[in-house]
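Structural overview for review
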Amino acid sequence: MEADAISSSDGGCSDEQQEHDENHSQEVQKYESRKPKWWMKLSGRRGTRAQRQTIERMTQCGYCFSRQVLSDFSRVNNSAKHSSSAAEQLSSDSWRRVWWNRSLAIVDESDDAAQITPIIDTVSNSRNVKHAQKIQSMYSNKSPLVPKKFERIVLEIGFGSGDNILANAMRDKNTLFVGSEIHQPGCGTVLQKMEAEMGLKIRAEGNDIEEKKIDTTTSISSENSGDAQFQNVRILQGDGVKLLSHLPCKYLDAILITFPDPWPKEGHSHWRVVQPNVLVEMHRVLKCDGKVFVATDAECFNDWTRNIFTQESSSGDWEEVTPCPNRSTWLPIVSYYEQKGIDEGRHTMLQCWKKK
């Protein structure tokens, strides 16, 4: 879309101007995670006190992924680039897969936790004490939940209020649904729903905080924990696109992108979640025949997505699945946002692309 807009308006321009426009076109097709200040203010990224408390509690329980751990993970990867030996080990998928499985409470018979030990020693010995402590803390991260074997792993990028991810989790308990959301209120809302459903909610009455009396050993740490509601949901507060670069290769079975911000202005296209460089990461982390599902009610984003995937599919990496799989298998509910769009005369457009 961006290239078409440029080519239709550059008639009579000099060669230098055309080259500048082409370079600009390439630049805006890279995903930009840092959003403008006006968007940050409008989006209301800070949750209520109750939501923040819920996020903290559910993080301790293992249902919400620690932002600090992921932040340290990113720092370690970046700093390791200065050491060729450390970088070589950090780029290995073996330790990365073990670490994520352990952090998300996933059972995988092929995992060998011993693979992580030499990496800790290699990186720790090359840094100061404070940095070494952070590395040790990050690598020793382990979910308090009882590990379970899942048949599939699905990532939903930008789940909003979380109705869809919870509906999917209830429909398919053998699949682990990992949801990422950049807005704190959205994370707080979905975790409050999970907390209330599982009976883990802590009530605040006046100035006294009283824990609801429940059988926590059954819901969290017993061997029967897999029978409890939403044991197959993990929430991450942050940018799901940035999360992709941290995941091991061929780790996910599907990626869902449901009603993302369309950024309708062409000058804002570099903030759209679907970009060529993002598709490269998606292709890397998806298993063979893994799928990307996209739902939107904005024609500009629907066209943009189709154009980007079509361009990338020319190299044989992607193939569109037509007709799109029934939405009941991946988008079983009509969210408040979708219903609002329907009421305003918009219609939902669905796409599905398969990794080749």
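Residues numbered from 1 in each chain as written. Predicted model: local features only at pLDDT ≥ 70, side-chain atom pairs only at ≥ 80, totals over all residues. Heavy atoms only, no water.

Turning next to the pairing of strand E8 (residues 286-296). Sheet topology places strand E7 (residues 252-258) next to E8; 6 bridges connect them, and they run parallel. By the bridge assignment for E8, Leu-252 is matched with Leu-286. In this view, the connection linking E7 to its parallel neighbour E8 by way of helix H14 (residues 276-285) has right-handed handedness. As paired strands, E8 and strand E10 (residues 349-355) are joined by 6 bridges and run antiparallel to one another. Of the residues in E10, the one forming a bridge with Val-294 is Gln-351. (Pairing = 2+ DSSP bridges. Helix = DSSP H or I, 4+ residues; strand = E, 2+ residues; numbered from the N terminus. Right-handed = clockwise from strand over helix to strand, strands pointing away.)

By size, the foremost hydrophobic cluster in this structure holds 44 residues, and its most contacted members are Trp-99, Trp-100, Leu-252, Ile-255, Val-274, Met-282 and Val-292. For this core, the element with the highest residue contribution is helix H15 (residues 299-313), accounting for 5 residues. Excluding residues within four positions of it along the chain, Val-274 makes contact with Ile-257, Leu-279, Phe-301, Trp-304, Thr-305, Ile-308 and Phe-309. In terms of nonpolar packing, the next biggest core, distinct from the first, is built from 30 residues, Cys-64, Leu-145, Ala-254 and Cys-352 among them. (Core = buried A, V, L, I, M, F, W, Y, C linked by side-chain atoms within 4.5 Å. Buried < 20%, exposed > 50% of the residue type's maximum accessible area, 1.4 Å probe, protein only. Contact = heavy atoms within 4.5 Å.)

On to empty space enclosed by the protein, then. On inspection of all chains with the given rule, the structure shows 1 cavity of 30 Å³ or more. For the largest cavity, the calculated volume is near 50 Å³. For the largest cavity, the full set of lining residues is Trp-100, Leu-104, Ile-153, Leu-155, Val-178, Leu-243, Leu-247, Tyr-251 and Leu-252. (1 Å grid on protein atoms, 1.4 Å probe; cavity = no way out; pocket = protein on both sides within 12 Å on 5 of 7 lines; lining within 4 Å. Points joined across faces, edges and corners; volume = space filled by probe spheres on them.)

Attention shifts here to the packing of aromatic side chains. Following the criterion strictly, the structure yields 8 aromatic pairs and no others. Taking the centre distance of 4.9 Å and the plane angle of 40° together, the rings of Trp-263 and Trp-271 count as tilted. The class of Trp-263 is buried, set by a relative accessible area of 4%. Relative to Trp-318, the ring of Phe-309 has its centre 5.2 Å away and its plane inclined at 90°; by these criteria the two rings are edge-to-face. Taken individually, Phe-309 and Trp-318 each receive the classification buried, so the pair is uniform in this respect. Three or more aromatic residues joined by ring pairs form one cluster here, namely Phe-65, Trp-99 and Trp-100. The residue whose ring lies beneath Arg-272 is Trp-304, and the NZ or CZ to ring-centre distance is 4.8 Å. (Phe/Tyr/Trp six-rings, centres within 6.5 Å; stacked < 30°, edge-to-face > 60°. Lys NZ or Arg CZ within 6 Å of the ring centre and 35° of its normal.)

What follows deals with the sheet that holds strand E3 (residues 175-181). Overall, mixed pairing links the 8 strands, which are arranged E1-E6-E3-E2-E7-E8-E10-E9 in an open sheet. Bordering the open sheet on either side are strand E1 (64-65) and strand E9 (318-320), each of which pairs with just one other strand. The sheet contact formed by E3 and strand E6 (residues 233-237) spans 5 bridges and is parallel. Bridging from a neighbouring strand, Glu-181 pairs with Gln-237 of E6. Along the sheet, helix H10 (residues 163-171) contacts strand E2 (152-157), E3, E6 and E7; its crossing angle with E3, the most-contacted strand, is approximately 175°. Packing of H15 onto the sheet brings it into contact with E8, E9 and E10, and relative to E10 it is tilted by some 15°. (Axes fitted to C-alpha atoms, helices over the stretch in contact; angles between N-to-C directions.)

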